[in-house]
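Given next are the chains, with one letter for each unit.
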Amino acid sequence: MSDILDSLKRVFEEVTQEADWGQPAQYIPELAEVDPAQLAISVCTADGKTHSAGLSDKLFSIQSISKIFSLIAALGRAGDQLWTRVGCEPSGTSFDSIVLLESERGQPRNPFVNAGAIVTTDALLSGREPKMALAEILGLVRAMAEDDNIHINADVAKSEQRTGERNKALAHYLASYGNLLNPPDLTLGTYFHQCAIEMTTVQLARAGRTLARIDGAPKIVSAHHARRLNALMMTCGHYDGSGDFAFKVGLPGKSGVGGGLLVIVPGKASIAIWSPGLNAYGNSKAGTRVAAMLSQSMGWSIF
Ligand code: GLN
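Below, the structure is looked at part by part. (Residues numbered from 1 in each chain as written. Predicted model: local features only at pLDDT ≥ 70, side-chain atom pairs only at ≥ 80, totals over all residues. Heavy atoms only, no water.)

1. Some words on helix 8 (residues 165-176)
Link 1 in the chain: For helix 8, which comprises twelve residues, the first-to-last C-alpha distance of 17 Å matches the rise-based estimate of 16 Å (1.5 Å per residue) to within 8%.
Link 2 in the chain: For helix 8, every residue scored as buried is listed here: N167, L170, A171 and L174. With its buried residues spanning 95° around the axis, helix 8 presents them on a single face. In this structure, helix 8 carries E165 and S176 as exposed residues pointing more than 90 degrees from its buried face.
Link 3 in the chain: Next to the buried residues of helix 8 lie helix 4 (99-103), helix 5 (114-125), helix 7 (154-163) and helix 9 (184-195). (Helix = DSSP H or I, 4+ residues; strand = E, 2+ residues; numbered from the N terminus. Expected span 1.5 Å × (residues − 1). Buried < 20%, exposed > 50% of the residue type's maximum accessible area, 1.4 Å probe, protein only. Arc of directions from axis to C-beta. Contact = heavy atoms within 4.5 Å.)

Quick look at the structure:
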């Protein structure tokens, strides 16, 4: 196994020479303006150290990576009851697809596609003020990262609230099957705000230590839940790109349309990557490449 610092440097240099970074998400105006030619990588290792390359202190919008945190919080609240409302199978469809919801009678395939994440947030909300549910998610993220300086960017949330017609359609469709317990607008408002949490790759990698179950990481998530979350990240974390990610990287991961990526190396490391240009699946283009190269050079694939 080569040294992490050497690998990090080599991978960073090789990937930053890449001419095509992909395009940032266009459907959220606030994200569309971000320069795609940016890269940050942070890796927390089992010896308690955090190693970084690039723009690792720059805040980015974690978007769908927040679905990990809302799922942990919702499981704390609803327990296994949550699995009666959302499945745990890969969908093979894009993150915002509605097609399976009709034939599967309003039960989303998994908690990481948007429909499933909206149901998860709805379970977490369970009749409370959105502020309470958001405080719970933020509290969890801060405790996992051991850093209280993590906040929601209200402009990004508003930007998505203005343009998120597809998510609004999903929420109302779910409600028509009785799979939303709160008014759709309330659940959606909570969901848009959780997606607008901003973090640096250092903060995100540190939060990931809990799921990697590295010695010394905050013991906030049970081993049982960590195992299940990692399984879901492996099979569903990249939507219809999940097979491709497992094939190339061989590790559980969760992407966000802001270009963030959290990758878990069980028992060994937690990796956070950010590069805002996306591939055809809506996952970070350079980020996926970094994850594959790091996993390969460190011998980290679980297979
Ligand atoms: N907020 C985004 C949405 O709902 C999150 C999607 C993503 O990151 N893949 O469309």
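2. Concerning the packing of aromatic side chains
What describes a pair of aromatic rings is the distance from one ring centre to the other and the angle between the planes of the rings.
Link 1 in the chain: The full count for this structure, using the stated rule, is five aromatic pairs.
Link 2 in the chain: With centroids separated by 6.1 Å and ring planes inclined at 35°, the aromatic side chains of Y27 and F95 adopt a geometry described as tilted. With Y27 in the loop between helix 1 (4-16) and helix 2 (29-32) and F95 in the loop between helix 3 (66-78) and helix 4, this pair connects stretches of sequence that are 68 residues apart.
Link 3 in the chain: Exposure remark for Y27: the relative accessible area of 33% places this residue in the partly exposed category. (Phe/Tyr/Trp six-rings, centres within 6.5 Å; stacked < 30°, edge-to-face > 60°.)

3. A look at helix 6 (residues 130-145)
Link 1 in the chain: Taking 1.5 Å of rise per residue, the 16 residues of helix 6 would be expected to cover 22 Å, and the 23 Å separating its terminal C-alpha atoms lies within 8% of that figure.
Link 2 in the chain: Every buried residue belonging to helix 6 is among P130, A133, L134, I137, L138, L140, V141, M144 and A145, and all of these are buried. Down the axis, helix 6 shows its buried residues gathered within 155° of arc, on one side only.
Link 3 in the chain: Residues of helix 6 that are buried make contact with helix 3, helix 5, strand 4 (151-152), helix 9, strand 5 (197-199) and helix 10 (201-212).
Link 4 in the chain: Where helix 6 terminates, the next one or two residues include E146, which has phi positive at roughly 50°.

4. Observations regarding unusual backbone geometry
Link 1 in the chain: One non-glycine residue, R105, adopts positive backbone phi at about 50°.
Link 2 in the chain: Its place among the elements puts R105 in the loop between helix 4 and helix 5.
Link 3 in the chain: Residue R213 is not a glycine yet carries a positive backbone phi of 55°.

5. Notes on the side chain of T201
Link 1 in the chain: Looking at where T201 falls in the secondary structure, it is placed in helix 10.
Link 2 in the chain: Classification of T201 by relative accessible area gives buried; the value is 1%.
Link 3 in the chain: Setting aside anything within four residues of it in sequence, one finds T201 in contact with A40, I41, S42, S56, F60, A272, I273 and W274.

Everything listed here is a matter of coordinates, which is why it stays silent on function.
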